[in-house]
Amino acid sequence: MSKREEFLAGERVEDVALFLADSFVDGDSLADHGESVPDGTLLVVPGDTGRSVFQTATGMEAMGFAKRAMGTEGTIDADLTGGECPAAGEEADGDESADHETEFVFAFAEEQNEDVGDIYAEGDVIHAYAYCDCGTAYSHKWVAGER
């Protein structure tokens, strides 16, 4: 099982997953340390390392970005390599200049917690946060292994 598969199954709750589009890793050594996926690189690394890599690659603090993205629900691909921007089709005055391509995804897993209830009682929960090339940050969460 790959690191990504283990992460998505909820077996790597101490790690974070990062998808960085080619525009972030083109010619960068990060591509040598992650899994090559269509349109980018996916890394599964220990939490502190991942947050540092995220900040270096994107210029944003990881948890600050996650907090910003929490305000907008969207759909992030189950394999963490993209998503559907909730702002697609909502451009003002018919401006469709953005391609709505995912530039990066930051994700972590939270262990099952029956005391909290909701989906947290059902199993480990994947929290994923994405950033679109239009500037929209959005989030999606699901029970590990159910997508």
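Anything mentioned here points back to the structure above.
Once a new chain begins, its residue numbering starts again from 1 and follows that chain's sequence as written. Per-residue local features of the predicted model are confined to residues with pLDDT of at least 70, and side-chain atom pairs are confined, for both listing and counting, to 80 or more; whole-chain, interface and lining totals are unaffected and use all residues. Water and hydrogen atoms were dropped before computing side-chain values, which therefore reflect all heavy atoms in the structure.

(A) View of the pattern of salt bridges. By definition, a salt bridge exists where a carboxyl oxygen of Asp or Glu is found within 4 Å of a side-chain nitrogen of Lys or Arg. Applying the stated criterion across every chain yields a total of four salt bridges. Among the ionic pairs, Glu35 bridges to Arg4, the shortest N-O distance being 2.5 Å. Remark: Arg4 occurs in helix H1 (residues 3-8) and Glu35 occurs in strand S2 (residues 35-37); sequence separation between them is 31 residues. For Arg12, the salt bridge is made with Glu6, and the minimal N-O distance between the two is 2.6 Å. A run of H or I in DSSP counts as a helix once it spans at least four residues, and a run of E counts as a strand once it spans at least two, with each numbered from the N terminus.

(B) Up close: the nonpolar core. We define a nonpolar core as any set of buried Ala, Val, Leu, Ile, Met, Phe, Trp, Tyr and Cys residues linked to one another through side-chain atoms lying within 4.5 Å. Between buried and exposed lies partly exposed: a residue is buried under 20% and exposed over 50% of the maximum accessible area for its type, with that area taken using a 1.4 Å probe on protein chains only. Phe7, Ile76, Leu80, Val105 and Ala128 are the most contacted members of the largest nonpolar core, which totals 22 residues. Counting only elements with at least two residues in this core, the list comes to H1, strand S1 (15-21), strand S3 (40-46), strand S6 (102-110), strand S7 (125-132) and strand S8 (137-143). For this core, the element with the most residues is S7, which contributes four residues. Contact partners of Ala128, with chain neighbours within four places excluded, come to Ile76, Leu80, Val105, Phe106, Ala107, Tyr138, Ser139, His140 and Trp142. With 18 residues, the next largest nonpolar core counts Leu20, Met60, Ala66 and Phe108 among its residues. Contacts were defined at the residue level, with two residues in contact if any of their heavy atoms lie within 4.5 Å.

(C) Structural context of the pairing of S6. Counted residue by residue, S6 has seven buried out of nine residues, so it is predominantly covered. Pairing geometry for S1 and S6, over five bridges, is antiparallel. Within S6, the position partnered with Val16 by the bridge is Phe108. The rule for pairing is simple: two strands pair if DSSP sees at least two bridges between them. Where S6 lies against S7, eight bridges are found, and the strand directions are antiparallel. Among the inter-strand pairings, Val105 is bridged to a residue of S7, identified as Ala130.

(D) Summary view of unusual backbone geometry. Here the phi dihedral of Leu80 falls at roughly 70°; this positive angle occurs in a residue that is not glycine. Structurally, Leu80 is set in the loop between strand S4 (75-76) and strand S5 (83-84). Judged by relative accessible area, Leu80 falls into the buried class, the value being 1%. Not every positive phi belongs to a glycine, and His100 is a case in point at roughly 60°. Structurally, His100 can be placed in the loop between S5 and S6.

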